[in-house]
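Residues per chain, in single letters:
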Amino acid sequence: MRLRILAAAALAACLGVMLGGCGSSRTFTYRLDMPRAADGGPGLLAVDVENFNGTVELRAGDRWKDIRVDGRVEVDHEIPGPVSAGYFDSVAVSAALEGPAEMSVLRVRSTSPKFSRERSDHRVKLTITLPSAEGVRIDNWGGLVLVVNTSGATQIANRLGAVELRTNHAMTEPVTITTSEGSIYYQVPEGSTGVIDFETLNGSAYIKDRKGGTDRTYSTQRVVQTVLNNGDNPVVCRTNNGYIRAWVMDDPVAFTRSVREPPVDPREWIFPQGSQRFKRNLPDDAPPDSTGTRSVPLW
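Residues numbered from 1 in each chain as written. Predicted model: local features only at pLDDT ≥ 70, side-chain atom pairs only at ≥ 80, totals over all residues. Heavy atoms only, no water.

Help me understand the overall build of the protein chain in this model?
Scanning the protein chain from terminus to terminus reveals 2 helices and 20 strands. Evaluated residue by residue, the protein chain yields a buried proportion of 49% over its 299 residues. Summarising the internal contacts of the protein chain: among those between residues at least 6 apart in sequence, 65% fall at separations of at least 24. In the form shown here, the protein chain has an accessible surface area of approximately 13,800 Å², with 52% of it arising from carbon and sulfur atoms. (Helix = DSSP H or I, 4+ residues; strand = E, 2+ residues; numbered from the N terminus. Buried < 20%, exposed > 50% of the residue type's maximum accessible area, 1.4 Å probe, protein only. Contact = heavy atoms within 4.5 Å. Areas by Shrake-Rupley, 256 points an atom, 1.4 Å probe, with all protein chains shown as cover.)

This is the structure in C-alpha cells:
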C-alpha cells in the first residue's frame, strides 16, 4: 500500500517570530491510499482519533479520493521562544492504516509529554478528510470536535469543547457523544433510528423531528427520551454544561452554524475533586479528566 508522508516543520521560517515571544505553528501532513477490497471495490474504513489538546475536524465525501491527515501544532503567543521551541519538539502526530483492506482502521494520534491541563498552552488542530468512514471514535480535549458525513457506530468523548455531528447517511448504529463543557449538535437524515437519551446538567435539550419518526417521547428542559423510527440502537448525548440540539431533517450536512453556545469557561474544570464534584456527574472512582463515560470498542 502506497503511503506518502510529508512532515513540514515551519520552525525555521518562523524562528524570528518565535524568538520574539509570539506564537507559531508546526505542521504534519499524512496522505494514504483509501483501502480497496479484494474485488477492487472500496473497502470499509473506521476512524480512531486521540488528540491530547486542541480540535478535531473529520469530513467524509466523494470530493476526496484518498485519505489526508493534517496536524497543526500551535503554542500560545505569550510563551517565550526557547520554551515554545521545546513544546514543538515534544509534540508527535501520527496516522496509520491498520487491519485488512476489507475493514481497515485509520488511527490518528497526537501526544505531548510537556502538556499540562493546568496550563493548556499548546495544542494540535487535526483535520482529516477521506472518501468515507463507517465508524468513528474520537477522544479529544480542549476544543471543538466536528464530524461531517460519516456513518456507522460513533463514540465521541470531548472535554472543554463542543461536539457537532452532521451527516446525510442514516444513522442506525449505536451513538455516544459526551463533553464535560460545551454543547452537542446532532443532525441526521430521514431513515435514522435510535433510542434517544439526551441529558444536560446545565442548559437545555431538544430534538426537532421534521420527518415525524419519533414516538413515546418524554422531555423536560434538560432531558429528552424518545424512540426514533422504532429503532433499538442507543443514541446517548451527555454534557455537564451546554445545550443538546438534535434535528431529523433533509440535507443535514448543509445546515451549518457560525456560533456554538454557550462558550466554554475553563474555570469550571479547576476543581473536579472538590465539594462541587457532584455537579460534574462523575462517579467517585473516575479520574479527574474523565467525562464519566466508559470507553468501549466500536469495531
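Where do I start with the packing of aromatic side chains in this structure?
Two measures describe an aromatic ring pair: the distance that separates the ring centres and the angle between the ring planes. Evaluated as defined, the whole model comprises 3 aromatic pairs. Aromatic side chains Phe52 and Phe115 sit 5.2 Å apart centroid to centroid with 65° between the ring planes, which places their arrangement in the edge-to-face category. Here Phe52 is found in the loop between β3 (44–51) and β4 (54–60), whereas its partner Phe115 is found in the loop between β7 (103–111) and β8 (122–130), with 63 residues between them in sequence. Judged by relative accessible area, Phe52 falls into the buried class, the value being 11%. On the numbers, 6.1 Å between centres and 85° between planes, the contact of Tyr206 with Trp247 is edge-to-face. Of this pair, Tyr206 sits in strand β16 (residues 205–209) while Trp247 sits in strand β20 (residues 244–248); the two residues are 41 residues apart in sequence, bridging distant segments of the chain. Under the relative-accessibility criterion, Tyr206 is labelled partly exposed at 26%. Pairwise contacts between aromatic rings join Tyr206, Trp247 and Phe255 into one cluster. (Phe/Tyr/Trp six-rings, centres within 6.5 Å; stacked < 30°, edge-to-face > 60°.)

I tried to follow the sheet that holds strand β6 (residues 92–98) on my own but got confused; where do I start?
To summarise the sheet geometry, strands pair through backbone hydrogen bonds and adopt either a parallel or an antiparallel arrangement. With mixed pairing, 10 strands are arranged side by side in an open sheet as β6-β7-β3-β9-β11-β13-β19-β15-β18-β17. Whereas interior strands pair on both sides, the edge strands pair on one side only; in this sheet they are β6 and β17 (214–219). Taken over all neighbouring pairs, the strand axes of this sheet differ in orientation by 10° on average, direction set aside. Judged from the 5 bridges that link them, strand β13 (residues 175–179) and strand β19 (residues 234–239) form a sheet pairing that is parallel. (Pairing = 2+ DSSP bridges. Axes fitted to C-alpha atoms, helices over the stretch in contact; angles between N-to-C directions.)

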